[in-house]
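As a plain string of letters, each chain reads:
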2 protein chains.
Amino acid sequence: MSQNKEITIYDIAKSLNISPATVSRGLKDHPAINKDTKKKIIDAAQKMGYRHNTFASNLRRQRTNILGVIVPRLNSSFTSDVIAGMEKTANEAGFNLVISQSLETMKKEVANANTMFNNRVDGLLVSLAYDTTDIQHLENFINKNIPVIFFDRVYDHEKCPSIKIDNYKAAYEITAHLISQGCKKIAHITGNQLRNVYQDRFNGYKQALADHAIPLNEKHVFINDLSGKAGAETAEKILYMNDRPDGVFSANDTCAINCMQVLMKNGISIPQDIAFAGFNNDPTSTIIEPNLTSVNYKGFEMGEVAARILIGHLNNNYDLQLTHTLMLRHELIMRDSSLRK
Amino acid sequence: MSQNKEITIYDIAKSLNISPATVSRGLKDHPAINKDTKKKIIDAAQKMGYRHNTFASNLRRQRTNILGVIVPRLNSSFTSDVIAGMEKTANEAGFNLVISQSLETMKKEVANANTMFNNRVDGLLVSLAYDTTDIQHLENFINKNIPVIFFDRVYDHEKCPSIKIDNYKAAYEITAHLISQGCKKIAHITGNQLRNVYQDRFNGYKQALADHAIPLNEKHVFINDLSGKAGAETAEKILYMNDRPDGVFSANDTCAINCMQVLMKNGISIPQDIAFAGFNNDPTSTIIEPNLTSVNYKGFEMGEVAARILIGHLNNNYDLQLTHTLMLRHELIMRDSSLRK
């Protein structure tokens, strides 16, 4: 038999000398077919290499059972946790994930969205690229009632629910904590203010300073791409400052840790000279010495929730409009990098 | 207009008062259609929400342009690098990735393989689960000439190429390095010996000992799941030993680092009392103090190569049989956790 010929229920029927209708029912576990016949049919199907035509049957149903996911980068600790949570939930519900990364550029995000549109994903889960200015590229989905859900780096759109944490509150708490440890000159390292996560954290930081009557020093605000390299460069800048900060709140852990490493190599004591806090609670935060104070933000759970809401909507159990913004819990974890007392 | 009605080339033709054939050609950038008409067609298509029926056209071509990926876990530093490399290469070549995780069980790996088979992926990229004993679940693909490529945790099968590093040689080098630093009692922490990566590393370790006339002490061989928790537990065992090792080679960095942390908290000096080496060169290896000696093993590159070979085969440029085993370069990176001199 040719290896490329597709086995059909007719081939199975012929080989067992029964009717194609019986084979079809047997494969679907229909109660009218007796157990022995079912077993014979399933064994023959297995042996002959029959595959259910999920693909064509989805086409008929106008459904692909594929969820599209667009993230900035796949290789970050937080993102890989999110994807793992999404995959687990989708897999259990019989959905597949098609995954793409924007590599932090709007241009690639637009191209990926178009590919997903043409491939007819049933829904889209998106965390925006660093420089995305608008979501024109998602209008096609929205106009067709293909659900789009934002997570982490979200966009305010009446038809698209968002899943995030309270970044403002978390940043407020972390800044207030540094103040409680005696810091009076707290620097902030953050990312592109187009993205809610960085803007909200910056605002929370500013409000905490204001509420404690500490003036904002613009020289102590560093906006960069929050990479490890940017953290090391920020440390070099801090070392050359006449008016050094006595605390640093970085909008992610990677940047915080690389900054700490350079400062410590240059004789700065942490937390005595400069207290440190990061964000995300990456596994690295308990490896650096002193361990890094951070905000725990459960990526795996965020992925599970995002996939669950999307699938629930597709299966008509949830109304997307009702859950407009879903705020997950965060938790401030205080460690030795900021605890002076 | 109903939001759910699919826009066809006939709708576009009608709205522009031109023939459907012209619309079809215009969308395909056919040279016979003039520039202005093309622009009109593309603008109308965009405005009306037309989507190319990639899905149906793939069905006709008996091709989905989807590559299936099965990995043990998505949330590991190494795996997320691999996936990022695969996505980049696939995306550039117009392929999509469907990704699933076995969560380290053969049972889930089997279920995922079946789903991918029914969804008609064009090819499969697989790294095996911890306890997979055979690849019966991939025979359907092999019998149908759907290419299956193994990476990292591979399986020896005449029809399936493997992409890996020389785990034996890398482990030999790392063990010989520990011996060169004066270690005479080197412990080894490893995983399930069903998996080539752990078996090969164990064999490399044993051969290096033998070549330096150091007898293998079975009490110094720890087989576990190589998690952080297992690393901490191994440290507890080492602390209670009368005959403690003076060097540890762990088959991954996570386990090594957690083991080091517990030992150091209990007063053990690294590398003076016990020298340490891991495997993978995770980002954490340069955060732990002392920095961890490790084997650099480029996940991103492995992902790129695996996807490139698979796509090359699908596009009939490569013969899979010819590249049976592809060995990528590794590199021993010596750091303070093992450098005594």
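Residues numbered from 1 in each chain as written. Chains lettered and ligands numbered in written order. Predicted model: local features only at pLDDT ≥ 70, side-chain atom pairs only at ≥ 80, totals over all residues. Heavy atoms only, no water.

In the nomenclature of an unreviewed UniProt entry, chain A is known as Substrate-binding domain-containing protein of Hufsiella arboris.

## What to know about the overall build of chain A
Regarding its fold elements, chain A presents twelve helices and twelve strands. Here chain A has a C-alpha radius of gyration of 26 Å; the compact-globule value for 341 residues is 20 Å, and the former is much larger. Principal-axis analysis of the C-alpha atoms places the extent of chain A at approximately 90 × 40 × 35 Å. Look at the contacts in chain A between residues 6 or more apart in sequence, and 73% of them connect residues 24 or more apart. Total accessible area on chain A stands at roughly 15,000 Å², and carbon and sulfur atoms take up 49% of it. (Helix = DSSP H or I, 4+ residues; strand = E, 2+ residues; numbered from the N terminus. Rg over C-alpha atoms; globule rule 2.2 N^0.38 Å. Contact = heavy atoms within 4.5 Å. Areas by Shrake-Rupley, 256 points an atom, 1.4 Å probe, with all protein chains shown as cover.)

## Focus: the domain arrangement of chain A
Note on interface size: it is often stated as the accessible area lost on association of the parts. Residues and elements named next belong to chain A. Domain annotation of chain A identifies domain 1 (9-52), domain 2 (65-165 + 299-329) and domain 3 (167-297). Here domain 2 and domain 3 have C-alpha centroids that lie 29 Å from each other. With 16 residues of domain 2 at the contact, the number on the domain 3 side is 16 residues. Of the roughly 1,300 Å² buried at the junction of domain 2 and domain 3 (both faces included), carbon and sulfur atoms supply 50%. By the criterion of area lost to domain 3, the three top residues of domain 2 are Y130, R153 and I165, representing 48% of everything that side buries. Inspection of the region where domain 2 meets domain 3 yields zero salt bridges. The set of elements that each furnish at least two residues to the side of domain 2 that touches domain 3 consists of helix 5 (77-92), strand 5 (162-165) and helix 12 (299-314). (Domains from an automatic or database assignment. Buried area = accessible area lost by both parts, 1.4 Å probe. Salt bridge = Lys/Arg side-chain N within 4 Å of Asp/Glu carboxyl O.)

## Structural notes on the sheet that holds strand 6 (residues 186-190) of chain A
Residue and element names in this part refer to chain A. Spatial strand order, 7-6-8-9: four strands in an open sheet with parallel pairing. If you trace the sheet from one side to the other, it starts and ends with strand 7 (221-223) and strand 9 (275-277), each paired once. On average, adjacent strands in this sheet sit at an angle of 15° to one another, irrespective of strand direction. Sheet topology note: the strand 8 (residues 247-250)/strand 9 ladder contains three bridges and is parallel. Looking across to strand 9, one finds that G247 is bridged to A275. Each of strand 6, strand 7 and strand 8 touches helix 9 (residues 196-211); the most contacted strand, strand 6, lies at about 170° to it. Of the strands in this sheet, strand 6, strand 8 and strand 9 are in contact with helix 11 (residues 253-265), which crosses strand 9 at around 160°. (Pairing = 2+ DSSP bridges. Axes fitted to C-alpha atoms, helices over the stretch in contact; angles between N-to-C directions.)

## With respect to the side chain of N167 of chain B
Residues and elements named next belong to chain B. On the secondary structure map, N167 appears in helix 8 (residues 167-180). Residue classification places N167 among the buried positions, given a relative accessible area of 0%. If we skip the residues at most four places from it in the chain, N167 touches N196, V197, D200, R201 and F279. (Buried < 20%, exposed > 50% of the residue type's maximum accessible area, 1.4 Å probe, protein only.)

## A closer look at the relation of the copies chain A and chain B
With an RMSD of 0.1 Å, chain A superimposes on chain B once it is rotated by 180° and translated 0.0 Å along the axis. Accordingly, the operation relating the two chain copies is best matched by a two-fold axis. Taking the C-alpha atom as reference, chain A places V98 of chain A closest to the rotation axis, 2.3 Å from it. Here 100% of the interface residues in chain A have copies in chain B that are interface residues too; the copies meet face to matching face. (Least-squares fit on C-alpha atoms with pLDDT ≥ 70 in both.)

## Thoughts on the environment of T8 of chain B
Residue and element names in this part refer to chain B. As for its position among the elements, T8 is in the segment before helix 1 (9-16). Judged by its relative accessible area of 30%, T8 falls in the partly exposed class. Along the backbone, T8 and R51 are 43 residues apart, and their C-alpha atoms lie at a distance of 8.2 Å. There is a polar contact of 3.1 Å between the side chain of T8 and the backbone nitrogen of Y10. (Polar contact = N/O pair within 3.5 Å; in protein donor to acceptor, adjacent residues only side chain to side chain.)

## Looking at the state of the cysteines
All names here are of chain A. Applying the stated criterion to the full structure yields zero disulfides over all chains. The thiol sulfur of C259 is not disulfide-bonded, and the nearest other cysteine sulfur, from C255, lies at 6.5 Å. What makes C259 buried here is its relative accessible area of 0%. (Disulfide = S-S within 2.5 Å.)

## Brief notes about the interface of chain A and chain B
With 52 residues of chain A in contact, the opposing surface of chain B contributes 53 residues. Of the roughly 4,900 Å² buried at the junction of chain A and chain B (both faces included), carbon and sulfur atoms supply 50%. At the junction of chain A with chain B, the criterion picks out two salt bridges. Between K108 of chain A and E87 of chain B there is a salt bridge, and its shortest N-O distance comes to 3.8 Å. Inspection of the region where chain A meets chain B yields twelve residue pairs in polar contact (both at pLDDT 80 or more). Secondary structure elements with two or more residues in the side of chain A that touches chain B: helix 4 (54-61), helix 5, strand 2 (96-101), helix 6 (106-118), helix 7 (139-143) and helix 11 of chain A. In terms of residue count, helix 5 of chain A provides more of the side of chain A that touches chain B than any other element does, seven residues in total. Across the side of chain A that touches chain B, the residue classes tally to 17 nonpolar, 25 polar and ten charged. (Nonpolar A, V, L, I, M, F, W, Y, C, P; charged D, E, K, R; others polar.)

## Regarding the pattern of salt bridges
Counted by the stated rule, this structure contains 18 salt bridges over all chains. Where salt bridges share partners, they join K88, E92 and E304 of chain A into one cluster.

## Some details on empty space enclosed by the protein
Empty space among the atoms can be located by rolling a probe the size of a water molecule over them. Following the criterion strictly, the structure yields three cavities of 30 Å³ or more and no others. Within this model, the second largest cavity holds a volume of roughly 50 Å³. Lining of the second largest cavity is provided by E87, A90, N91, F95, N96 and L97 of chain A together with I99 and S100 of chain B. Those elements giving two or more residues to the lining of the second largest cavity turn out to be helix 5 and strand 2 of chain A together with strand 2 (96-101) of chain B. In terms of residues, the lining of the second largest cavity owes the most to one element, helix 5 of chain A, which gives three residues. Counted by class, the lining of the second largest cavity contains four nonpolar, three polar and one charged residues. (1 Å grid on protein atoms, 1.4 Å probe; cavity = no way out; pocket = protein on both sides within 12 Å on 5 of 7 lines; lining within 4 Å. Points joined across faces, edges and corners; volume = space filled by probe spheres on them.)

## Observations regarding the packing of helix 2 (residues 20-27) of chain B against helix 3 (residues 35-48) of chain B
Residues and elements named next belong to chain B. Where helix 2 contacts helix 3, the two axes come as close as 9 Å, and the packing angle between them is 90°. Taken together, the axes of helix 2 and helix 3 are roughly perpendicular relative to one another. Packed against helix 2, whose contacting residues are T22, V23, G26 and L27, the element helix 3 presents T37, K38, I41, I42 and A45 at the interface. Partitioned by chemical class, the residues of the contact of helix 2 with helix 3 number five nonpolar, three polar and one charged. (Parallel < 35°, antiparallel > 145°, perpendicular 65-115°, else oblique.)

## Focus: the sheet that holds strand 8 (residues 247-250) of chain B
Residue and element names in this part refer to chain B. Spatial strand order, 7-6-8-9: four strands in an open sheet with parallel pairing. Two strands bound the open sheet, and with one partner strand each, they are strand 7 (221-223) and strand 9 (275-277). Recorded for the sheet is a direction-independent mean angle of 15° between the axes of neighbouring strands. Relative to strand 8, strand 6 (residues 186-190) is paired through four bridges, and the arrangement is parallel. Paired with I189 across the bridge in strand 8 is S250.

## Overview of the packing of helix 1 (residues 9-16) of chain A against helix 2 (residues 20-27) of chain A
Residues and elements named next belong to chain A. Where helix 1 meets helix 2, the axes come as close as 8 Å, and the angle between the chain directions of the two elements is 110°. Viewed along their axes, helix 1 and helix 2 adopt a mutual orientation that is roughly perpendicular. Across from I9, Y10, I12 and A13 in helix 1, the residues of helix 2 making contact are P20, V23, S24 and L27. Its residues placed into classes, the contact of helix 1 with helix 2 shows seven nonpolar, one polar and no charged.

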